[in-house]
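If you want the building blocks of each chain, they are given just below.
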Amino acid sequence: MIRPTVALLLLLCPALHAQTVPPGVPAGEVFTPEQIGHALAAPTPQAGRTAPSAVNAPADDGQWTMPSKNYASTRFSTQTELTPENVKGLVPLFSFSLGVNKGQEAAPIIADNTLYVVTAYPNYVYALDLTKPGAPLKWRFAPNPLPASQGVACCDVVNRGGTVSNGKYIFNTLDGQTIALDVKSGRPLWRTRLGNIHVGETLTMAPLVAKGRVYIGNSGGELGVRGWIAALDEQSGKLLWRAWNTGPDADVLIGPAFHPFYAMDRGKDLGVSSWPPDAWKIGGGNVWGWITYDAELDTLYHGTGNPGPWNAQQRPGDNKWTAGIFARDPATGAARWFYQFSPHDQHDYDGINEQLLLDLPFGGSMRKVLIHLDRNGYVYVIDRKTGQVLSADPYGPVNSSRGVDLQSGRLEVNPDKETKMDQEVKDICPTASGSKDWNPSSFSPQTGLLYIPHENICMDWLNLQVSYIEGTPYVGANVHMKPGPGGHRGELTAWDPVNRRKAWVVDENFPIWSGTVATAGGLVFYGTMDGWFKAVDARTGQALWRYKVDSGVISQPVSYRGVDGHQYIAMLSGVGGWSGAVVSGPVDTRDGSAALGFVNVMADLPKYTTPGGTLYVFALPH
Amino acid sequence: MCSRFRIEAGLLLLLPLAACQPPQTPMPGVGPPVAGAPLVRTSALVPGVDREILPRDPRALAYYDNPQAVVDGKRLFQQFNCSGCHSNGGGGMGPDLMDGTWIYGSRLEQIHQTLVEGRPNGMPSWADKIPDPQLWELAAYVRSMSLPRTLAAQNGPTPSQTPAPVPRAVDQDPGWSPSPDTSNDYGTTIVGPQ
């Protein structure tokens, strides 16, 4: 009875149609956590307390020198001034226009009472003096990346931040450069070109610096760019090694030290044989997300992106080494183990999300684990010495798979949701951008909870035949996204990794595309795409404070101790990115397939926010 | 229409001649204008000249009022991965093409010019990559995306699937801003959340 009325309304109001969002996928369309969550042993919380090691998370000095805060990637601040009781008094102390109205995904970096920030293209870098009122500019630097690089960036022209190490601010440019600036003068000490826009390559990730090396990975999984990770010498910018994530073992730096846990990842030159002839050369597997260094085990971990093209029917096979995670020797790049989250990925489930390095009770003893929140919808708890999956549980709606077989390690793909060329497959959950995309979680050792900022979005998908043309998109799919069960599009989930369950969930209207930061005062901060910056109680999720900034928030908030000893919270506004392209880019909401299908589920965002780009710093009045 | 075309064709003959004066000091790497190549302007501002008399490119004529051209253009738009950036007209990596806004002009020769030359913020140059007749068909399909008839044929969230042929009449005005008969009302007003 309702349907004809709705259809008539749509006919009469095309503009309304263009700005509305489809209804949520019915709850019965997805599996319950009990149906698909698996673990090798029952929870044994009594065996110990979950925490990062002191090596990977040294005592908090009040600074925030790398986006992940520490090697353990906890994004946890030990500052205690802000509490659930007093946070309602939090006010903006100063703001600073970034001069760029594109998606701002970076973390502000604080070192030696200076705040550093890099913007979206054209990748301006600003250094602000935190010792003076209003934080005046110390210097700014314009790297002048090639304008044409904007045309090969898949998902807005974002940058996920820089990092400070040994007197240098190190960051990437969209057109493929890694640059080290002298923190005192803002002058380049070295600049190394690693990427080539003519093959569709860009750099958007935040470099990781560890033990005198800078680790970088490329973007371009939507343009058939072959993925790699590279190590540069921190002093000179000279290339030390580069490992490809597809192709012969020699290119992937797979040798005698390679011991993957599961049989599916063992064999010679799988990076060639798990593809149709030569398809590995244009097969993606990029490293555009988070690289983590384990100072305890002297090991590097990095995920690999989706295989290309999205149309999986054009690339039969497991498509190694895409949509998985490598452990590598940080000095040589030699692979130690690999685990593939999504063999023969059919849904754009990149494996590039963050890894948190924790000691966690499992099976009656403390285990050194890596926790990874994958795009495919599962919280993976992995033994980081061996690459064995200890548990895999859904943290958002999932029906594209029926769980992870913990004997073989293999994701059990749901045949009903396999993508096809002759049929649009409906209601696939999670969507292409995953239950969660790149935006990182935090962990509080006080509560033992992970604070996961994520999405509740599903999709319809039709494969299209696509030809490879160097430097152009290599996708081959028409995608239309839609809200997941419940109709809300975002969730902040507090996840208990020991008991493998949600502690609490905050629903958000829009997908959460910002990171979270947890503080020792018992708070979690995050931002929303409609422009609210929020604080909730880390124990209960209760909303405690919010402030409306000038544009939607998709950045990584941080907490630091100021020169006066007080606690400060810094964040960037500036909506955009893949999910926010409907606002930051020239996009027409009548095309639901626009921005790789995201516009269909974000058509109403232009009602709520406009492009922007501003640094905000908050504190209690003092 | 015929007399109008004669005027424009006449101008076409004159303008390249005027442009053929050899520069006093040739810039290195820049050759002289090719004799006979039609001038295509991509700015509405021509000092001292009314925009009504902007020249037309006779090569474009065959692709107006041509149903096959837009259908072929639609196929090519997928085949050459234009859709990877511009989706089905709604944009993404590249700008949307269906809102009736034209930075470089809406005429087929102007769209063709963009395809040939590329644009500095990321639009590739397709000269020598796609045969010229196919570039014209692509231009016709891109022009069709914002036509009221094409938009009216949209059924669901995937537009530009039934492209209407481009009437010659819609481009009588060179149109850097949407003229009344080609504009749609999208984007003029967005009402906030109720």
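Just so it is clear, the structure is predicted and the values come from calculations on it, not from any experiment.

1. Quick notes on the overall build of chain A
Okay, step 1: When you go through chain A residue by residue, the secondary structure sums to seven helices and 39 strands.
Okay, step 2: Here the C-alpha atoms of chain A give a radius of gyration of 22 Å, agreeing with the 25 Å that 2.2 N^0.38 yields for 622 residues.
Okay, step 3: Principal axes of the C-alpha set define a box for chain A whose edges measure 65 × 65 × 55 Å.
Okay, step 4: Within the span of chain A, comprising 622 residues, buried residues form 67% of the whole.
Okay, step 5: A sequence separation of at least 24 residues applies to 64% of the contacts in chain A between residues at least 6 apart.
Okay, step 6: One finds the centroid of the 50 positive side-chain charges in chain A at a distance of 3 Å from the centroid of its 56 negative side-chain charges.

2. Looking at the overall build of chain B
Okay, step 1: In terms of regular secondary structure, chain B is built from six helices and zero strands.
Okay, step 2: For chain B, the sequential pattern of α-helices and β-strands runs α-α-α-α-α-α.
Okay, step 3: Put simply, chain B has 194 residues, and 46% of those count as buried.
Okay, step 4: Taking all contacts inside chain B whose residues are at least 6 apart in sequence as the whole, residues at least 24 apart take part in 68%.

3. Description of the packing of aromatic side chains
All names here are of chain A.
Okay, step 1: Applying the stated criterion to the full structure yields 38 aromatic pairs over all chains.
Okay, step 2: The interplanar angle of 75° and the centroid separation of 6.4 Å between the aromatic rings of phenylalanine 141 and phenylalanine 171 together place this pair among those described as edge-to-face. Within this pair, whereas phenylalanine 141 is found in strand S7 (residues 137–141), its partner phenylalanine 171 is found in strand S9 (residues 168–172), the two being separated by 30 residues in sequence. Of the two residues examined, phenylalanine 141 and phenylalanine 171, each falls in the buried class.
Okay, step 3: Their ring planes at 80° and their centres at 5.0 Å tell us that phenylalanine 510 and tyrosine 608 sit as a pair that is edge-to-face. Of this pair, phenylalanine 510 sits in the loop between strand S32 (501–508) and strand S33 (517–519) while tyrosine 608 is found in the loop between helix H7 (599–602) and strand S39 (614–619), placing the two residues 98 residues apart along the sequence.

4. Points about the sheet that holds strand S4 (residues 109–111) of chain A
All names here are of chain A.
Okay, step 1: Pairing in this open sheet of four strands is antiparallel, and the strands run S4-S5-S6-S7 from one edge to the other. Two strands bound the open sheet, and with one partner strand each, they are S4 and S7. Each neighbouring strand pair of the sheet contributes to a mean axis angle of 15°, computed without reference to strand direction.
Okay, step 2: By the bridge criterion, three bridges tie S4 to strand S5 (residues 114–118) in an arrangement that is antiparallel. When the bridges of S5 are listed, isoleucine 110 appears paired with leucine 115.

5. Description of the interface of chain B and chain A
How big an interface is tends to be reported as the loss of accessible area on association of its parts.
Okay, step 1: Taken residue by residue, the interface counts 35 residues in chain B and 31 residues in chain A.
Okay, step 2: Interface area, chain B with chain A, both sides summed: about 2600 Å², of which 55% is carbon and sulfur.
Okay, step 3: At the boundary of chain B with chain A, the tally comes to zero salt bridges.
Okay, step 4: Across the contact surface, chain B and chain A share 19 residue pairs in polar contact (both at pLDDT 80 or more).
Okay, step 5: Considering each element in turn, the side of chain B that touches chain A owes the most residues, three residues, to helix H3 (residues 82–86) of chain B.

6. Looking at the sheet that holds strand S23 (residues 388–394) of chain A
All names here are of chain A.
Okay, step 1: Strand order in the open sheet formed by five strands is S1-S23-S22-S21-S20, and the pairing between neighbours is antiparallel. Each end of this open sheet is capped by a strand with a single partner; those strands are strand S1 (38–39) and strand S20 (355–362).
Okay, step 2: Where S1 lies against S23, two bridges are found, and the strand directions are antiparallel. Paired with histidine 38 across the strands is alanine 392, a residue of S23.

7. Description of the state of the cysteines
Okay, step 1: Within the structure shown, the criterion is met by two disulfides over all chains.
Okay, step 2: Paired by a disulfide, cysteine 429 of chain A and cysteine 458 of chain A hold their sulfur atoms 2.2 Å apart. What sets the handedness of the cysteine 429 of chain A and cysteine 458 of chain A disulfide is the S-S torsion sign, and at about 105° it is right-handed. Placement of cysteine 429 of chain A in the loop between strand S26 (425–428) and strand S27 (442–444) and of cysteine 458 of chain A in strand S29 (residues 457–463) is noted, with a sequence separation of 29 residues between them. The two residues cysteine 429 of chain A and cysteine 458 of chain A agree in class, both being buried.
Okay, step 3: Disulfide connectivity for chain A, with bonded cysteines indexed by sequence position, reads 1-2, 3-4.
Okay, step 4: For cysteine 82 of chain B, which is in no disulfide, the shortest distance to another cysteine sulfur is to cysteine 85 of chain B and amounts to 8.5 Å.

8. What to know about the nonpolar core
Residue and element names in this part refer to chain A.
Okay, step 1: If you look at the biggest cluster of nonpolar residues, it comprises 51 residues, and the most contacted ones within it are Leu115, Tyr116, Tyr169, Phe525, Leu615 and Phe618.
Okay, step 2: Beyond its immediate stretch of four places on either side in the chain, leucine 615 contacts Phe94, Ser95, Phe96, Leu98, Pro108, Leu115, Leu128, Ala570, Met571 and Leu572.
Okay, step 3: Membership of the second largest hydrophobic core comes to 36 residues, among which are Ala432, Val582, Val599 and Met602.

9. Considerations on the pattern of salt bridges
Residue and element names in this part refer to chain A.
Okay, step 1: Counted according to the given criterion, the structure contains 37 salt bridges over all chains.
Okay, step 2: Close ionic contact of aspartate 269 with lysine 268 constitutes a salt bridge, the shortest N to O distance being 3.4 Å.
Okay, step 3: Taking the relative accessible area as the measure of exposure, lysine 268 reaches 66% and is therefore exposed.
Okay, step 4: Among the ionic pairs, arginine 500 bridges to aspartate 393, the shortest N-O distance being 2.8 Å. Taken as a pair, arginine 500 in the loop between strand S31 (490–496) and S32 and aspartate 393 in strand S23 lie far apart in primary sequence, 107 residues in all.
Okay, step 5: Residues joined by salt bridges that share partners form a network here, namely Asp294, Glu296, Asp359, Lys368 and Arg384.

10. Re the packing of helix H2 (residues 67–79) of chain B against helix H5 (residues 132–144) of chain B
Residue and element names in this part refer to chain B.
Okay, step 1: Where H2 contacts H5, the axes come no closer than 7 Å and their chain directions differ by 100°. Taken together, H2 and H5 sit at an angle that is classed as roughly perpendicular. Across the interface between the two elements, Ala69, Val70, Asp72, Gly73, Lys74, Leu76 and Phe77 of H2 pack against Gln134, Glu137, Leu138, Ala140, Tyr141, Val142 and Ser144 of H5.
Okay, step 2: The residue makeup of the contact of H2 with H5, split by class, is eight nonpolar, three polar and three charged.

11. Let's talk about unusual backbone geometry
Residue and element names in this part refer to chain A.
Okay, step 1: The amide bond that connects tyrosine 121 to the next residue, proline 122, takes the cis arrangement and shows omega of 10°.
Okay, step 2: Mapped onto the secondary structure, proline 122 falls in the loop between S5 and strand S6 (125–129).
Okay, step 3: For the bond running from cysteine 429 to proline 430, omega is -5°, close enough to zero to count as cis.
Okay, step 4: Although it is not a glycine, lysine 211 sits at a positive phi angle of roughly 50°.
Okay, step 5: Residue placement: lysine 211 occurs in the loop between strand S12 (208–210) and strand S13 (213–217).
Okay, step 6: Here aspartate 278, not a glycine, exhibits a phi torsion of approximately 65°, which is positive.
Okay, step 7: Within the secondary structure, aspartate 278 is located in the loop between helix H5 (270–273) and strand S16 (291–294).

12. A word on the environment of threonine 32 of chain A
Okay, step 1: Positionally, threonine 32 of chain A belongs in the loop between helix H2 (14–18) and helix H3 (33–36).
Okay, step 2: In this structure, the C-alpha to C-alpha distance between threonine 32 of chain A and glycine 490 of chain A, residues 458 residues apart in sequence, is 18 Å.

13. Looking at the pairing of strand S10 (residues 177–182) of chain A
All names here are of chain A.
Okay, step 1: Counted residue by residue, S10 has five buried out of six residues, so it is predominantly covered.
Okay, step 2: Connecting S9 to the antiparallel partner S10 that follows it, the hairpin turn spans four residues, and glycine 176 within it adopts a positive phi of roughly 100°.
Okay, step 3: Counted between consecutive antiparallel strands, the loop separating S10 from strand S11 (residues 188–193) contains five residues, among which glycine 186 sits at a positive phi close to 80°.

14. A few points about the side chain of serine 77 of chain A
Residues and elements named next belong to chain A.
Okay, step 1: Checked against the element boundaries, serine 77 lands in strand S2 (residues 76–77).
Okay, step 2: Polar contacts involving the side chain of serine 77 include one to the main-chain amide nitrogen of glutamine 79, which spans 3.2 Å.
Okay, step 3: Of note is the side chain of serine 77, whose polar atom sits 2.9 Å from the side chain of serine 559.
Okay, step 4: Among all residues touching serine 77, those that are not within four sequence positions of it are Asp60, Trp64, Ala518, Thr519, Ala520, Ser559 and Gln567.

Conventions we followed
- Residues numbered from 1 in each chain as written.
- Chains lettered and ligands numbered in written order.
- Predicted model: local features only at pLDDT ≥ 70, side-chain atom pairs only at ≥ 80, totals over all residues.
- Heavy atoms only, no water.
- Helix = DSSP H or I, 4+ residues; strand = E, 2+ residues; numbered from the N terminus.
- Rg over C-alpha atoms; globule rule 2.2 N^0.38 Å.
- Buried < 20%, exposed > 50% of the residue type's maximum accessible area, 1.4 Å probe, protein only.
- Contact = heavy atoms within 4.5 Å.
- Lys, Arg positive; Asp, Glu negative; His and termini not counted.
- Charge placed at Lys NZ, Arg CZ, Asp CG, Glu CD.
- Phe/Tyr/Trp six-rings, centres within 6.5 Å; stacked < 30°, edge-to-face > 60°.
- Pairing = 2+ DSSP bridges.
- Axes fitted to C-alpha atoms, helices over the stretch in contact; angles between N-to-C directions.
- Buried area = accessible area lost by both parts, 1.4 Å probe.
- Salt bridge = Lys/Arg side-chain N within 4 Å of Asp/Glu carboxyl O.
- Polar contact = N/O pair within 3.5 Å; in protein donor to acceptor, adjacent residues only side chain to side chain.
- Disulfide = S-S within 2.5 Å.
- Core = buried A, V, L, I, M, F, W, Y, C linked by side-chain atoms within 4.5 Å.
- Parallel < 35°, antiparallel > 145°, perpendicular 65-115°, else oblique.
- Nonpolar A, V, L, I, M, F, W, Y, C, P; charged D, E, K, R; others polar.

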